[in-house]
Amino acid sequence: MDASIRAARLSTSELMLLQERYGTNHYVPYPIAMAQGRNVYLWDLDKKKYLDMNATYSAIAVGHNHPEMNQVLIRQLNKLTSVSNMFLNEHAPILLMELCKLTGLDRAILMNTGAEAFETAVKAVRRWAYRKKGIPAGKAEIIVATNNFHGRTINAISASSEEKYRQDFGPFVPGFVLVPFGNSNALAAAIKPETAAIIVEPIQGEGGVNVPSTDYMCEISELCAKYNMLLCFDEVQTGLGRTGKLFAFEHWLIEPDLVMLGKALGGYVPISAVVGKDKVMSGFTPGSHGSTFGGNPLACAVALKSIELITRFDCELVRNANETGGYLLRKLTKRLELNPKVLEIRGRGLLIGIALDPEELSAADARTKLLQCGIVAGAASNNVLRLSPPLTFTKTHVNLALPRIVCALTT
Ligand SMILES: Cc1ncc(COP(=O)(O)O)c(C=O)c1O
């Protein structure tokens, strides 16, 4: 690297030039360089302050720059960050146990990203299908829902209904059957003897914050039991408190066979996990799956602290997500119900979507307007503005944000 560039403190516009010249266009960043975070706030290089209502796409649960998280990171950095998986490390087995206790499931496997959790889940399901259910080799099918988001790998986009994720990336991986999200009759009609599992987000995040009905969730659980299919929840976004329960599936008192976690599990560093029943997870044999960094001691130490903070004081942060999220939803509904640009406001806990009329305002433009008012929000599919602040967000923060959101969506 050019030493003068490395030593220099580049301005936002200089950084933007480098990004545009040397980066690819898979993200089109705003000309804003975030430089500092603390709890629910971010500061850019020019010291402008923002209220973070995106939390790195729901990953930052405990707030930015949490002193206890930093302490764990620094302590582990000074000891050991990664080591060959031919050895144990002092954190991974404890994390596996914690994940099993929290979910009520039997075994877990550690990976790095949400997309890898999905890959891992698909492999676990297929092994179970051939070795336990007796589906003929190569024939297993997995039912997935329209508007899903399981990541950007070829496998994940093969399961996707979104053309923008798939265009010119084929050929795709066979074995995924798409049915409309929330429609259990369509799901029942898609079941065949070769169907191994349904993989679904209990509440869709990227797909537009779509909350299914209780009937749907109970029916898919019953169908899985009836037809010996695995019920698998992608809780990469919803898991660990986001929706006001530790896991979103708890809203419906149903019991999954497998759960995928990511994002908030590490928050500060990438780590993901798949946790499942013994009958599914025991399919992994030596060499059948793995990842160099999966379960590294740094990420595991951080994940253990993350879990500790999220579940501390009888899950205070989870209860806060429920209460503050409910407050935010009620206030937004009251202030925006007569706004012609707003079609619907929905969500659970601190995962809230404001569905906008595309004729009136695009979610991307709404996000830009909010940014100008000092609020970082997300734009999900189907023209939905997505609010997912850290779980430390309080009613005071809601009261700060509300007039700015209302103003940005009104003017
Ligand atoms: C439900 C769900 N699954 C998987 C992923 C992919 O996670 P990652 O971006 O860490 O690969 C996401 C990311 O938004 C997600 O929301």
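Above this text sits the structure in question.
Residues numbered from 1 in each chain as written. Predicted model: local features only at pLDDT ≥ 70, side-chain atom pairs only at ≥ 80, totals over all residues.

### Some remarks on the site of the ligand
Okay, so step 1: Around the ligand lies a shell of 15 residues, among which Gly114, Ala115, Gly151, Val236 and Gln237 are the nearest.
Okay, so step 2: Broken down by element, the shell around the ligand gets its largest block of residues, three residues, from helix α6 (residues 114-133).
Okay, so step 3: Across the shell around the ligand, the residue classes tally to five nonpolar, seven polar and three charged. (Near = placed C-beta within 6 Å. Helix = DSSP H or I, 4+ residues; strand = E, 2+ residues; numbered from the N terminus. Nonpolar A, V, L, I, M, F, W, Y, C, P; charged D, E, K, R; others polar.)

### Thoughts on unusual backbone geometry
Okay, so step 1: Cis peptide bonds are those with omega within 30 degrees of zero, and the linkage from glycine 170 to proline 171 qualifies with 5 degrees.
Okay, so step 2: With respect to the helices, strands and loops of the structure, proline 171 is situated in the loop between α8 (163-166) and β6 (176-179).
Okay, so step 3: Positive phi values are uncommon outside glycine, yet leucine 240 reaches one of about 65 degrees.
Okay, so step 4: On the secondary structure map, leucine 240 appears in the loop between β8 (230-234) and β9 (258-261).
Okay, so step 5: By the C-beta count within 10 Å, which is 31 here, leucine 240 ends up buried.
Okay, so step 6: The phi dihedral of phenylalanine 313 is positive, around 50 degrees, even though this residue is not glycine. (Buried ≥ 20, exposed ≤ 12 C-beta atoms within 10 Å, placed from the backbone.)

### What about the environment of histidine 66?
Okay, so step 1: On the secondary structure map, histidine 66 appears in the loop between α3 (55-58) and α4 (67-77).
Okay, so step 2: According to the C-beta neighbour criterion, histidine 66 is buried, with 23 such atoms within 10 Å.
Okay, so step 3: Histidine 66 sits twelve residues away from asparagine 78 along the chain, and the two C-alpha atoms are 18 Å apart.

Without other data, these values stay purely geometric and don't point to any function.
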